[in-house]
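Below are the chains, spelled out letter by letter.
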Amino acid sequence: MAGNMKVFMLMAALTALVMGLGWMMGGQGGAILALLIAGGMNFFAFWNSDKMVLRQQGAVELSPQQGADLYRMTADLARRADLPMPKLYLLPTEQPNAFATGRNPQNAAVAVTQGLLNALDRDEIAGVIAHELAHIKHRDTLTMTVTATMAGAIAMMGNMMLFTGNREGRGGTLGAIVAMIVAPMAAMLVQMAISRAREYEADAMGAQICGNPRALATALASIARAAGRSVNVPAERNPAAASMFIINPLHALRADKLFATHPPTEERIARLMAMQPARPEPQTASRIPRSGGDDRNDGPWGHA
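Residues numbered from 1 in each chain as written. Predicted model: local features only at pLDDT ≥ 70, side-chain atom pairs only at ≥ 80, totals over all residues. Heavy atoms only, no water.

### Things to note about the sheet that holds strand S2 (residues 87–91)
Then, in step 1: Spatial ordering of the open sheet is given by S1-S2-S4-S3, a layout of 4 strands whose pairing is mixed. Only two strands of the sheet have a single partner each, and these edge strands are strand S1 (60–61) and strand S3 (98–102).
Then, in step 2: Alignment of S3 against strand S4 (residues 108–113), held across 5 bridges, turns out to be antiparallel. Paired with Ala98 across the strands is Val112, a residue of S4. (Pairing = 2+ DSSP bridges. Helix = DSSP H or I, 4+ residues; strand = E, 2+ residues; numbered from the N terminus.)

In structure tokens, the structure reads:
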């Protein structure tokens, strides 16, 4: 509940930034116009953002036959979470990672990389899928789409104030420069703060859905290590989508906590381990079965 209140307040701050810039550009009418423009951008993102990000990441949709074992696992976890079965996508990259997208639980998708299926055991994969289902249940995919769109609108209006006049109006040239630099920076910080808050909530609910906080914790550790020594090419080409992944895939970005899209992995792991029962049930280390022998390039999805 505290996390939801924090997100509500941060979203209100973004809305205030949009209207404030609109007011600087055109008074009360400008504030209303800015809010309408941001609303129009959000309407477009609401219907199209999931398709855009999946296409940018080179995602391939899996049929129930292609991803039979993964489908069964996801369907079971979705039932536990009281969610419809999401669409499943495979990302053809060897860096282990995953993300969820979609405007609502009825139109949601979970995408996992080939590297995730190769590197993690069955319990860890279940923990990652459960984390992504938690994002869907909380409607975080919509929240992050809205925040990203509003941050983009703020940056656009800052540029407009600098290059289209408004030097004689509210704030003059100095106000236009401040609006171009300070407002987009503030919007980015708010967007990242919302992202960090949603990751903590998704970790907690994901652990409840899969019933194994330790597995999700070890999955996070493995994914974070891999992100530090491998490249996710689609994410490098489209860095705006980095906040969607369970761990930021852009290993080259070593920002401090204020500018991070995700909470510190060590802190996330510590919180999950605190949820672990005192006497955990025996864990299995089996990987999702693969057809065609042990060849890693001959998985059940037909993609290397």
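### What to know about the packing of helix H2 (residues 68–80) against helix H4 (residues 122–138)
Then, in step 1: At a closest axis distance of 10 Å, the pairing of H2 and H4 adopts a crossing angle of 50°. By the angle class used here, H2 and H4 are oblique. Where H2 crosses over H4, the handedness of that crossing is right-handed. Residues Asp69, Leu70, Met73, Thr74, Leu77 and Ala78 of H2 lie in contact with H4, whose contacting residues are Arg122, Ile125, Ala126, Ile129, Ala130 and Leu133.
Then, in step 2: Of the residues in the contact of H2 with H4, the class split is 9 nonpolar, 1 polar and 2 charged. (Axes fitted to C-alpha atoms, helices over the stretch in contact; angles between N-to-C directions. Parallel < 35°, antiparallel > 145°, perpendicular 65-115°, else oblique. Left-handed = near helix turned anticlockwise from the far one by under 90°. Contact = heavy atoms within 4.5 Å. Nonpolar A, V, L, I, M, F, W, Y, C, P; charged D, E, K, R; others polar.)

### Focus on unusual backbone geometry
Then, in step 1: One non-glycine residue, Asp82, lies in positive phi territory at about 60°.
Then, in step 2: Structurally, the position occupied by Asp82 is in the loop between H2 and S2.
Then, in step 3: The exposure class of Asp82 is exposed, given its relative accessible area of 66%.
Then, in step 4: Residue Arg139 is not a glycine yet carries a positive backbone phi of 60°.
Then, in step 5: Tracing the backbone through its elements, the reader meets Arg139 in the loop between H4 and helix H5 (140–163).
Then, in step 6: On the accessibility criterion, Arg139 (39% relative accessible area) is partly exposed. (Buried < 20%, exposed > 50% of the residue type's maximum accessible area, 1.4 Å probe, protein only.)

### Some thoughts on the confidence of the model for the chain
Then, in step 1: Summing up the model confidence of the chain, the mean pLDDT is 77 and the portion of residues at 70 or higher is 66%.
Then, in step 2: Per-element averaging of pLDDT across the chain places helix H8 (residues 233–237) at the bottom with 59 and H4 at the top with 96. (pLDDT = per-residue confidence, 0-100.)

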